[in-house]
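# What the coordinates show
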Amino acid sequence: MRRYTEYFYPRLVSMLLSSDVLKDSFEILVSEVRLEVDGKEGSLRLRAFQREIQERARKSRGILAVDAPTGSGKTLGFLLAAKQVIERGENALLIYPTKMLIEDQTRSLSSLMEAVGLDAEIIPVDSERLEEVVKSSRDVKTHGEALIHLLSGEKGKIILTNPDIVYVLLKQGFKRGSELLQKLFTVGLVGIDEMHLYWGFSLHVIMLLLRMLRGRLRIISTATHDEKVLAFLSDMLPEDFESPIVAEEGEEGDIVRHPVRLEIGSIANKRVLTREEEAKALRDIVLNILEHTDASTSPRVVCIVNSLVFSRIVAGLLEDEGLRITLINSLVPREYRVIGGNVDVLVGTSAVEVGVDFDTQALVFEANNSASFIQRFGRVGRKRPGVAVAVVPYEDY
């Protein structure tokens, strides 16, 4: 059974959401996604792919690739695998692409641990946390020593960090001796989340880690069904790569995405929108959608664009319309990336793709490749049916 089934949707409505703005737009109905269920773990209902992660984690020492849609429960899958290695006396290391996602996953894992019967310490590690340890302890002089300090003790640990920290710690470990590397090799599981988001230097770090920790369970996850990512890993580590775990649909399964009316069209033949007239076009699309949505969610509409500067222009135009706007991009401090009640529109960049939780009924987004399209589209329809408008370069039709 296909994971995503799309049906061309008869235009029963009197108009397309934004046909007066988009070029050559067309509309489809993306059907709901239900995932097969396979019993329970403690008080939690397990989906079939989560059960498969749990069972294969008991024996596997290779690379398991998990292909599951956004919001399907990959976090619980990681936790079930971590439980297997922690009960063997080893630790788990989970890698995430952004600090916001680390913070989000720390909360999620903490809320799930009791339900699966796991007693472990969750340790989010970033440069600020390591610097705090250095400043608070006389015996700790470097970030590497700070990590050794955090990993000390008998209790099992789940460490959450990012590729930059992994690089710094590996560099210090090779320069200053083997104690840090010995601590690293107490890890029984390496989990790499959002594998499709790594490229360039961060991808090199990930590949180095996967090679160094051969003989240990390594799980990578992706929500974009990118066959190139899986083919790359299979080619680079053929002796370690095992058959992927795919979240399959089931007619009686859990709903992980509700139906979404999706319109796809173009504003300009360019990869990144930047000009004010393009911002005005997005503003008009958002205003059109707001006329057809109620105030049952906050934000009512989410607008995700590629450029930081462009996000500010779009937000400003919408504010001029008297709307309540929340802006989230890399220049907005993390403590202010909070979505309050009664927000009309959340405008953001890739900073809102992962690690920011919201419930919206409508989404407007730029996409210039398939991975970005799937990642951003996955932000709507998670808790209720929705509508979405995808703005793509005209040449990509």
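For every chain, the first residue of the written sequence is number 1, and numbering continues from 1 along that sequence. Per-residue local features are limited, in this predicted model, to residues with pLDDT of at least 70; the limit for side-chain atom pairs, both in listing and counting, is 80 or more; totals at the level of whole chains, interfaces and linings are taken over all residues. Processing note: side-chain calculations cover all non-hydrogen atoms of the structure and skip hydrogens and water entirely.

A word on the overall build of the protein. Numbering of helices and strands runs from the N terminus; a helix is a DSSP stretch of H or I covering at least four residues, while a strand is a stretch of E covering at least two. A tally of regular secondary structure across the protein gives twelve helices and 19 strands. Only protein chains enter the accessibility calculation, which uses a 1.4 Å probe; a residue is then buried when its area is under 20% of its type maximum, exposed when over 50%, and partly exposed in between. Here the protein holds 397 residues, and 58% of them are scored as buried. For the protein, long-range pairs separated by at least 24 residues make up 75% of all intrachain contacts whose partners lie at least 6 apart in sequence. Entry remark: accessible area of the protein is about 17,900 Å², with carbon and sulfur atoms responsible for 49%. The contact rule is simple, with two residues in contact once any of their heavy atoms fall within 4.5 Å. For every accessible area listed, the method is Shrake-Rupley and the probe measures 1.4 Å; residues are considered covered only by the protein chains on display.

So, about the packing of helix α1 (residues 48-57) against helix α2 (residues 74-86). Working convention: axes come from line fits to C-alpha atoms, limited for helices to the stretch in contact. Angles between N-to-C directions cover 0 to 180 degrees. Two elements in contact, α1 and α2, have axes separated by 9 Å at closest approach and are oriented at 20°. Accordingly, the angle class assigned to the pair α1 and α2 is roughly parallel. For the pair α1 and α2, the crossing hand works out as right-handed. Contacts between α1 and α2 involve Phe49, Gln50, Ile53, Gln54 and Ala57 from the first element and Lys74, Leu76, Gly77, Leu80, Ala81 and Gln84 from the second. Partitioning the contact of α1 with α2 into residue classes produces six nonpolar, four polar and one charged. Here roughly perpendicular refers to angles of 65 to 115 degrees, roughly parallel to angles under 35, roughly antiparallel to angles over 145, and oblique to all remaining angles. The handedness criterion is simple: a crossing whose near helix is rotated anticlockwise from the far helix by less than a right angle is left-handed, and one whose near helix is rotated clockwise is right-handed. Residues were grouped as follows: Ala, Val, Leu, Ile, Met, Phe, Trp, Tyr, Cys and Pro as nonpolar; Asp, Glu, Lys and Arg as charged; and all remaining residues, including Gly, as polar.

What follows concerns α1. Since the α-helix turns once every 3.6 residues, residues separated by three or four places project in the same direction. Extensive coverage of α1 is indicated by the burial of seven of its ten residues. Every buried residue of α1 is listed here: Phe49, Gln50, Arg51, Ile53, Gln54, Arg56 and Ala57.

Moving on to the pairing of strand β4 (residues 37-41). Only strands joined by at least two bridges in the DSSP assignment are considered to pair. Across three bridges, β4 lies against strand β5 (residues 44-47) in antiparallel orientation. Residue Lys40 lies in a different strand from β5, and its bridge partner there is Arg45. With antiparallel pairing between neighbouring strands as the criterion, β4 and β5 make up a hairpin whose turn holds two residues, including Gly42 at a positive phi of roughly 65°.

The set of buried Ala, Val, Leu, Ile, Met, Phe, Trp, Tyr and Cys residues whose side-chain atoms join them within 4.5 Å is what this entry labels a nonpolar core. By size, the foremost hydrophobic cluster in this structure holds 41 residues, and its most contacted members are Ile95, Val125, Leu130, Ile192, Met195, Leu209 and Leu233. The biggest single contributor to this core is helix α8 (residues 200-212), with six residues. Counting 39 residues, the second-largest nonpolar core is a separate cluster that includes Leu44, Ile53, Ala68 and Leu118.

Here α2 crosses helix α3 (residues 99-116) at 55°, and the two axes come no closer than 10 Å. The angle between α2 and α3 places the two elements in the oblique class. Handedness of the crossing formed by α2 with α3: right-handed. Two secondary-structure elements touch here, α2 through Thr75, Leu76, Leu79, Leu80 and Lys83 and α3 through Gln105, Ser108, Leu109, Leu112, Met113 and Val116. Each residue belonging to the contact of α2 with α3 can be placed in one class, and the counts come to seven nonpolar, three polar and one charged.

Moving on: α8. Residue count minus one, scaled by 1.5 Å, sets the expected span of a helix. Across its 13 residues, α8 extends 19 Å between first and last C-alpha, which sits within 8% of the 18 Å expected from 1.5 Å per residue. Buried within α8 we find Ser202, Val205, Ile206, Met207, Leu209, Leu210 and Met212.

Turning our eyes to something else, we now look at a nonpolar patch on the surface. The grouping of Tyr167, Val168 and Phe201 at the surface amounts to a nonpolar patch, some 250 Å² of accessible area in total. One can find Val168 in helix α6 (residues 163-176). Overall, the relative accessible area of 33% leaves Val168 in the partly exposed class. What goes into a patch is any residue over 30% in relative accessible area without a salt bridge, connected to like charges within 9 Å or, for nonpolar side chains (Val, Leu, Ile, Met, Phe, Trp, Tyr), within 5 Å. Counted as salt bridges are all cases of a side-chain nitrogen of Lys or Arg within 4 Å of a carboxyl oxygen of Asp or Glu.

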